[in-house]
Number of protein chains: 2
Amino acid sequence: MVQAALKKADTESLANFTPRQNAVLEKALGLLVKGGDRALTTARIARAANCSKESLYKWFGDRDGLLAAVVTYQASKVRAPGSGQLPETAEAFRAQLTGFAFDLLSVLSGDVSLALNRLAIGQASKDDAQLGRLVLERGRKVIGLRAGTLLEAGRQRKFIQYDDQQAAFRTLYGLIIRDFHVRQLLGDALDARESDFETQASSAIDQFFKLYGPDKNRAREISQT
Amino acid sequence: MVQAALKKADTESLANFTPRQNAVLEKALGLLVKGGDRALTTARIARAANCSKESLYKWFGDRDGLLAAVVTYQASKVRAPGSGQLPETAEAFRAQLTGFAFDLLSVLSGDVSLALNRLAIGQASKDDAQLGRLVLERGRKVIGLRAGTLLEAGRQRKFIQYDDQQAAFRTLYGLIIRDFHVRQLLGDALDARESDFETQASSAIDQFFKLYGPDKNRAREISQT
DNA sequence: GCCGAACCGTACCGTACGGTACGATTGTGA
DNA sequence: TCACAATCGTACCGTACGGTACGGTTCGGC
């Protein structure tokens, strides 16, 4: 609901880039997904996008600027999924959490996400880790915000309870993602059961409610640490 | 405390490499940790290790073989911590789980681990992802085995209960690591609370027991999914 | 119809790196 | 002492890439 507007901007002022530049970045993204950062050379991008290397340097400064632009472009494309309206019933709350878990699993397992994270992680060994910060800022943080508002809504309506929202979110994240992300980043493939994101998501949310759900018929000892 | 044995094998037959080769690989590891894969050129390794490039190629074939050797070398150094003896009391079991969690957090947050994972992930976009498979095989799998025997011991003694050991392990892993690993891979720094691995570990194990612990005074509804 | 800006395609430059070749050095067994 | 193997240090080669330069083309404003 926060990001209501800004929906028509598909070929327009997407993240301060011109349409032409967005088209180039889209091609670059395609190259990255297809062949990894090794394939993301200025010459190849220029060839794929039918533009000149000179234009690339004029628009993005240097190669690092171009990589940053690719990340920014992708981030501007997805935009935080508009999290609908906040839930009023316990069932709706659980459903929204499960939807969040499903979305998270789907997004992080996507080709584009994996390619961008690989790129940023590969560069993160450098001194500055600029790309890594960008990915965290434009990707992770947005996810955290969406989950945060959702969790807070659930807490205020007594569907769950916690003292530390950050800690609750990190637990939720861990229950959902487990070791899937890093394994996939390393090139591992998920097996059939793991690829059933619906089941995985609902299982994770079940566990989350066991940890943070309201005390019904069980002893009250919810995380004092 | 767990890794008692295997301490003298420092300059000896570590993973089928000669002592000289191990020394070279150690230098290479140092370069990698210090400067990332960008710094891991054959010329630099040769210079740092006072050996000739010709020897590098003779010993390891090509650059990829050298990188694989670095991974193998590091894996051979740590060796699965011999998981001591299996626990006989619930307290001992919890303590061992907490120790496992602490070790896992410490290892994955270490310079060497982060550098190697960054290297493998950066290369994983290539066609084969050979390094990624190697890291998974020599790193992840060993951890899974240690945890697996520990979990199984606890289950047989009724300290915990589960149907699917794989699923239980992945939950344990998620509760321990949360989003720490990927964040650190991306160059993010853990804040003070997150860096307190003892507290993090014991908190994660608390949560794990809430999900998989024996039914004491609470409703019996342990994960049927 | 003319002008200038933006841009394309291509050629070009310097450098860094993977990989190879070779003479010099060291150490070891007969 | 000699021969031989292993290795070192260095020089060398080809290639790929980041970055620049330049002539030709398109296109909007006047």
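Residues numbered from 1 in each chain as written. Chains lettered and ligands numbered in written order. Predicted model: local features only at pLDDT ≥ 70, side-chain atom pairs only at ≥ 80, totals over all residues. Heavy atoms only, no water.

Caption draft 1: The arrangement of the packing of aromatic side chains in detail. Residues and elements named next belong to chain A. Under the counting rule described, the total for this entry stands at 14 aromatic pairs over all chains. Their ring planes at 75° and their centres at 6.0 Å tell us that Phe-17 and Phe-60 sit as a pair that is edge-to-face. A residue pair is termed long-range when its members are at least 10 positions apart, and Phe-17 in the segment before α1 (19–35) and Phe-60 in helix α3 (residues 53–60) qualify at 43 residues. In this structure, Phe-17 and Phe-60 share a single accessibility class: buried. Every member of this aromatic cluster is reached through a ring pair, and the members are Phe-93, Phe-159, Phe-208, Phe-209 and Tyr-212. Seen from the ring of Tyr-162, Arg-155 lies directly overhead, with NZ or CZ sitting 5.7 Å from the centre. (Phe/Tyr/Trp six-rings, centres within 6.5 Å; stacked < 30°, edge-to-face > 60°. Helix = DSSP H or I, 4+ residues; strand = E, 2+ residues; numbered from the N terminus. Buried < 20%, exposed > 50% of the residue type's maximum accessible area, 1.4 Å probe, protein only. Lys NZ or Arg CZ within 6 Å of the ring centre and 35° of its normal.)

Caption draft 2: Summary view of the protein's contact with DNA strand D. DNA strand D sits among 16 residues. The nearest are A:Lys53, A:Glu54, A:Arg63, B:Arg20 and B:Ser55. Atoms of DNA strand D within 4 Å of the protein: sugar and phosphate make up 55%, bases the balance. The contact in question runs from a phosphate oxygen of DNA strand D to an N or O atom on the side chain of A:Arg44, over 3.1 Å. Here a base nitrogen of DNA strand D and a side-chain polar atom of B:Glu54 are 3.3 Å apart. When residues of the surface near DNA strand D are traced back to their parent elements, those giving at least two are α2 (42–49) and α3 of chain A together with α3 (53–60) of chain B. The dominant element in the surface near DNA strand D, judged by the number of residues it contributes, is α3(B), at 4 residues. (Near = heavy atom within 4 Å. Polar contact = N/O pair within 3.5 Å; in protein donor to acceptor, adjacent residues only side chain to side chain.)

Caption draft 3: The arrangement of the protein's contact with DNA strand C in detail. Taken together, 16 residues surround DNA strand C, and among them A:Arg20, A:Ser55, B:Lys53, B:Glu54 and B:Arg63 come closest. For DNA strand C, the fraction of atoms within 4 Å of the protein that belong to sugar or phosphate moieties is 56%. Contact between DNA strand C and A:Ser55: a phosphate oxygen at 2.8 Å from a side-chain N or O atom of the residue. Between DNA strand C and B:Thr42, the relevant distance is 3.0 Å, taken from a phosphate oxygen to a main-chain nitrogen or oxygen of the residue. Of all the elements in the fold, those that place two or more residues in the surface near DNA strand C are α3 of chain A together with α2 (42–49) and α3 of chain B. The element that contributes the greatest number of residues to the surface near DNA strand C is α3(A), accounting for 4 residues.

Caption draft 4: Spotlight on the packing of helix α4 (residues 63–78) of chain B against helix α6 (residues 111–123) of chain B. All names here are of chain B. α6 packs onto α4 with a crossing angle of 145° between their chain directions and a minimal axis gap of 11 Å. Remark: the crossing between α4 and α6 carries left-handed chirality. Between α4 and α6, the residues in contact are Leu-67, Val-70, Val-71 and Gln-74 and Val-112, Leu-116 and Leu-119, respectively. For the contact of α4 with α6, a count of residues per class yields 6 nonpolar, 1 polar and no charged. (Axes fitted to C-alpha atoms, helices over the stretch in contact; angles between N-to-C directions. Left-handed = near helix turned anticlockwise from the far one by under 90°. Contact = heavy atoms within 4.5 Å. Nonpolar A, V, L, I, M, F, W, Y, C, P; charged D, E, K, R; others polar.)

Caption draft 5: Region of interest: the interface of chain A and chain B. Each partner contributes residues to the interface: chain A has 49 residues there, and chain B has 49 residues. Carbon and sulfur atoms supply 60% of the area that chain A and chain B bury against each other, a total of about 4,200 Å² over both sides. The residue B:Arg170 makes a salt bridge to A:Asp179 at a minimum N-O spacing of 3.1 Å. Connecting chain A to chain B are 12 residue pairs in polar contact (both at pLDDT 80 or more). Those elements that place two or more of their residues in the side of chain A that touches chain B are α6 (111–123), α7 (130–156), α8 (165–177), α9 (180–185), α10 (192–195) and α11 (197–212) of chain A. With 6 residues, the top contributor of residues to the side of chain A that touches chain B is α11(A). Each residue belonging to the side of chain A that touches chain B can be placed in one class, and the counts come to 16 nonpolar, 15 polar and 18 charged. (Buried area = accessible area lost by both parts, 1.4 Å probe. Salt bridge = Lys/Arg side-chain N within 4 Å of Asp/Glu carboxyl O.)

Caption draft 6: The side chain of A:Ser125, seen in detail. Along the chain, the position of A:Ser125 falls in the loop between α6 and α7. Engagement of the side chain of A:Ser125 in a polar contact is seen with the backbone oxygen of A:Gly122, the distance being 3.2 Å. Contacts of A:Ser125, omitting those with residues within four sequence positions, involve B:Gly35, B:Gly36, B:Asp37 and B:Arg118.

Caption draft 7: Spotlight on the packing of helix α5 (residues 90–108) of chain A against α11(A). All names here are of chain A. At their nearest, the axes of α5 and α11 sit 8 Å apart, and the two run at 130° to each other. It follows from the interaxial angle that α5 and α11 lie oblique. Where α5 crosses over α11, the two elements pack in a sense that is right-handed. Here α5 contributes Phe-93, Arg-94, Leu-97, Thr-98, Ala-101, Phe-102, Leu-105 and Ser-106 to the contact with α11, which in turn contributes Phe-197, Glu-198, Gln-200, Ala-201, Ser-202, Ile-205, Asp-206, Phe-208 and Phe-209. Of the residues belonging to the contact of α5 with α11, the class tally is 10 nonpolar, 4 polar and 3 charged. (Parallel < 35°, antiparallel > 145°, perpendicular 65-115°, else oblique.)

Caption draft 8: View of the environment of A:Glu26. Residues and elements named next belong to chain A. For Glu-26, the location among the structural elements is in helix α1. Separated by 44 residues in the primary sequence, Glu-26 and Val-70 place their C-alpha atoms 7.8 Å from one another. When sequence neighbours within four positions are dropped, the list of residues in contact with Glu-26 reads Tyr-73 and Lys-77. There is a polar contact of 3.2 Å between the side chain of Glu-26 and the side chain of Lys-77.

Caption draft 9: Representation of α8(A) in the model. Residue and element names in this part refer to chain A. Taking 1.5 Å per residue, 13 residues should reach 18 Å; α8 reaches 18 Å between its end C-alpha atoms and fits that length. Across the 13 residues that make up α8, a large majority, 10, are buried. For α8, the complete set of buried residues consists of Ala-168, Phe-169, Arg-170, Thr-171, Leu-172, Tyr-173, Gly-174, Leu-175, Ile-176 and Ile-177. Looking at where α8 begins, the residue whose side-chain oxygen comes 2.9 Å from the main-chain nitrogen of Gln-166 is Asp-164. (Expected span 1.5 Å × (residues − 1).)

Caption draft 10: Structural context of the pattern of salt bridges. The full count for this structure, using the stated rule, is 24 salt bridges over all chains. The partner of B:Glu194 in a salt bridge is A:Arg170, and the shortest N-O contact between them spans 2.7 Å. Here A:Arg170 lies in helix α8 and B:Glu194 lies in helix α10 (residues 192–195), a pairing that spans two chains. A residue is classified by how much of its surface remains accessible, and B:Glu194, at 5% relative accessible area, is buried.

Nothing here speaks to function; it is geometry throughout.
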